[in-house]
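Residue strings, one per chain:
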Amino acid sequence: MKAHILKTALQAVENNNLESWVQDYLRSDGNNEGLAEILRNTQGITYALVEFPLNNLKRIAGPEQGMKFTESESIWEERISILQQKIVQGEIFPPLIVTDLWEKGEISDGAHRCEALLRQGYEKYWVIFCLKNL
């Protein structure tokens, strides 16, 4: 999770190549081939990168009951703590990826990053919206 990843996403927007960037990121640093495959196989998705209020996003991963993707509280807290330390050290994270493939505004990649950013006082961050239902 390095600053160059965010820079390359911003460059992809300028080059009208954000969809390819998302695929490349998810299949490498993002380690989320499942989401990459779903996006690749879904027709009519629009991609946009914007700074967006974090509190307006819906997490679908975490230790809370009812999450689509659950994780034990100890593992969740450990991962968030590591990411918070990286923020303090000045690390810049890749954009969060939000879709409306299941429900509107769901964080499909980046729940841990989002939680760490919120706990460190961030109100907005870079989000790539991959939206089918405009």
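Whatever comes next refers back to the structure up there.
Worth saying up front: this structure is predicted, and the values here are computed from it rather than measured.

**Some points on the sheet that holds strand β7 (residues 124-131)**
The strand order across the open sheet built from five strands is β1-β7-β5-β6-β2, with neighbouring strands paired in mixed fashion. The open sheet is flanked by β1 (46-53) and β2 (58-59), the only strands paired with a single partner. Where β2 lies against strand β6 (residues 106-109), two bridges are found, and the strand directions are parallel. Note that in β6 the partner of K58 across the bridge is E106. Across the sheet, helix α3 (residues 33-40) lies against β1, β5 (96-99), β6 and β7, angled at about 45° from β5, the strand it touches most.

**Considerations on the side chain of N32**
Topologically, N32 is positioned in the loop between α2 (18-27) and α3. Within the structure, N32 has its side chain in polar contact with the backbone oxygen of S108 (distance 3.5 Å). Contacts of N32, omitting those with residues within four sequence positions, involve L26, S108 and D109.

**Thoughts on the packing of helix α4 (residues 73-88) against helix α5 (residues 111-119)**
Between α4 and α5, whose axes approach to 9 Å, the crossing angle comes to 60°. It follows from the interaxial angle that α4 and α5 lie oblique. Where α4 crosses over α5, the handedness of that crossing is right-handed. The residues of α5 that touch α4, namely those facing W76, E77, R79, I80, L83, Q84 and I87, are A111, H112, R113, E115, A116, L117 and R119.

What counts as what
Residues numbered from 1 in each chain as written. Predicted model: local features only at pLDDT ≥ 70, side-chain atom pairs only at ≥ 80, totals over all residues. Heavy atoms only, no water. Pairing = 2+ DSSP bridges. Helix = DSSP H or I, 4+ residues; strand = E, 2+ residues; numbered from the N terminus. Contact = heavy atoms within 4.5 Å. Axes fitted to C-alpha atoms, helices over the stretch in contact; angles between N-to-C directions. Polar contact = N/O pair within 3.5 Å; in protein donor to acceptor, adjacent residues only side chain to side chain. Parallel < 35°, antiparallel > 145°, perpendicular 65-115°, else oblique. Left-handed = near helix turned anticlockwise from the far one by under 90°.

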